[in-house]
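Listed here are the chains, written in short residue letters.
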Amino acid sequence: MTIEIPFNPVGRQEIHQLESILLFATLFRPEVIELIKDPAERLTWVDSLAVAAGAIAREKAGMTTSEIARELGRTEQTIRKHLKGESKAGQLVRETYGLMRQGKLDELLKTIEMMEKVGLKEVITKKKYEKDKEELERKVEELVKENNELKQRIEELETYKIKVENLRDKIEKIKIELERLLE
């Protein structure tokens, strides 16, 4: 099953389909993931991207700016900024639309297709698992390296311990010899 992208939607269902695909495809772009890492900014970004995706999907369906503004509950000025690419969210969503038209987001669209089949939770769980696995493998590597360094330090300390014991024995012998001489 491949996702049919209604680049020029007709009807509510196709508008919502294009809007959803635009939003997901934009959200999963690496540069957008970087932008939304900051929890303080995340909600604002997601909201702006959702409005921009909704505006562009409706524009592609032939709706006017005032109709889009009314339907999305935003001002016409906000909608115009998104549609003209004057907002960062509008630029990103418009770029995503262009990349999708050129077929350059196939991997991302396969992820969205998988979300449709198995659900968002499973896809997120799998991606989180893969990310966690990579992080754990890196940590294990670091711990093995640290363990080897500690073993080397223990060996050095054992060597020093033997040297200290030998010196202690020599000092004890010298002390005994010194006491004998002093008598």
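The preceding data block contains the structure.
On a predicted model such as this, the values are computed, not experimentally measured, just so you know.

Conventions used here
Residues numbered from 1 in each chain as written. Predicted model: local features only at pLDDT ≥ 70, side-chain atom pairs only at ≥ 80, totals over all residues. Heavy atoms only, no water. Helix = DSSP H or I, 4+ residues; strand = E, 2+ residues; numbered from the N terminus. Buried < 20%, exposed > 50% of the residue type's maximum accessible area, 1.4 Å probe, protein only. Contact = heavy atoms within 4.5 Å. Phe/Tyr/Trp six-rings, centres within 6.5 Å; stacked < 30°, edge-to-face > 60°. Core = buried A, V, L, I, M, F, W, Y, C linked by side-chain atoms within 4.5 Å. Salt bridge = Lys/Arg side-chain N within 4 Å of Asp/Glu carboxyl O. Arc of directions from axis to C-beta.

Let's shift gears to the overall build of the protein chain. Within the protein chain, the regular secondary structure consists of eight helices and zero strands. Ordering the α and β elements of the protein chain from the N terminus gives α-α-α-α-α-α-α-α. The burial tally for the protein chain puts 28% of its 183 residues in the buried class. Partitioning the contacts of the protein chain with sequence separation of at least 6, the portion at a separation of at least 24 is 64%.

This paragraph deals with the packing of aromatic side chains. Under the criterion given, the structure shown has two aromatic pairs. Ring centres of Phe7 and Tyr97 lie 5.7 Å apart, and the angle between their planes is 85 degrees; this geometry places the pair in the edge-to-face category. Of this pair, Phe7 sits in the segment before α1 (12–27) while Tyr97 sits in helix α6 (residues 88–101), and the two are 90 residues apart along the sequence. As far as the burial class goes, Phe7 and Tyr97 line up, both buried. Taking the centre distance of 6.4 Å and the plane angle of 10 degrees together, the rings of Phe24 and Phe28 count as stacked. Using a relative accessible area of 28% as the deciding quantity, one classes Phe24 as partly exposed.

A few words on the nonpolar core. Among the nonpolar cores identified, the biggest contains 31 residues, and Leu18, Leu22, Leu49, Ile68, Ile79, Val93 and Met100 are the most heavily contacted of them. Broken down by secondary-structure element, the contributors of at least two residues to this core are α1, α3 (39–60), α4 (65–72), α5 (76–84) and α6. A per-element tally of this core places α3 first, with eight residues. Residues in contact with Ile79, not counting those within four places in the same chain, are Val51, Ala55, Thr65, Ile68, Ala69, Leu72 and Arg74.

Right, let's talk about the pattern of salt bridges for a bit. If you walk through the whole model with that rule in mind, you get 13 salt bridges. One salt bridge connects Arg58 with Glu19, and the closest N-O pair in it is separated by 3.1 Å. With Arg58 in helix α3 and Glu19 in helix α1, this pair connects stretches of sequence that are 39 residues apart. Summarising the burial analysis for this pair, Arg58 and Glu19 share the class buried. Each of Arg12, Glu19, Arg58 and Glu71 takes part in a single network of salt bridges with overlapping partners.

With that settled, the discussion passes to α4. Residues of α4 that are buried include every one of Ile68, Ala69 and Leu72, and no others. For α4, the arc enclosing every buried residue in end-on projection is 100 degrees, short of the 170-degree limit, so these residues lie on one face. Contacts made by the buried residues of α4 are with α3 and α5. Immediately downstream of α4, the backbone of Gly73 shows phi near 70 degrees, a positive value.

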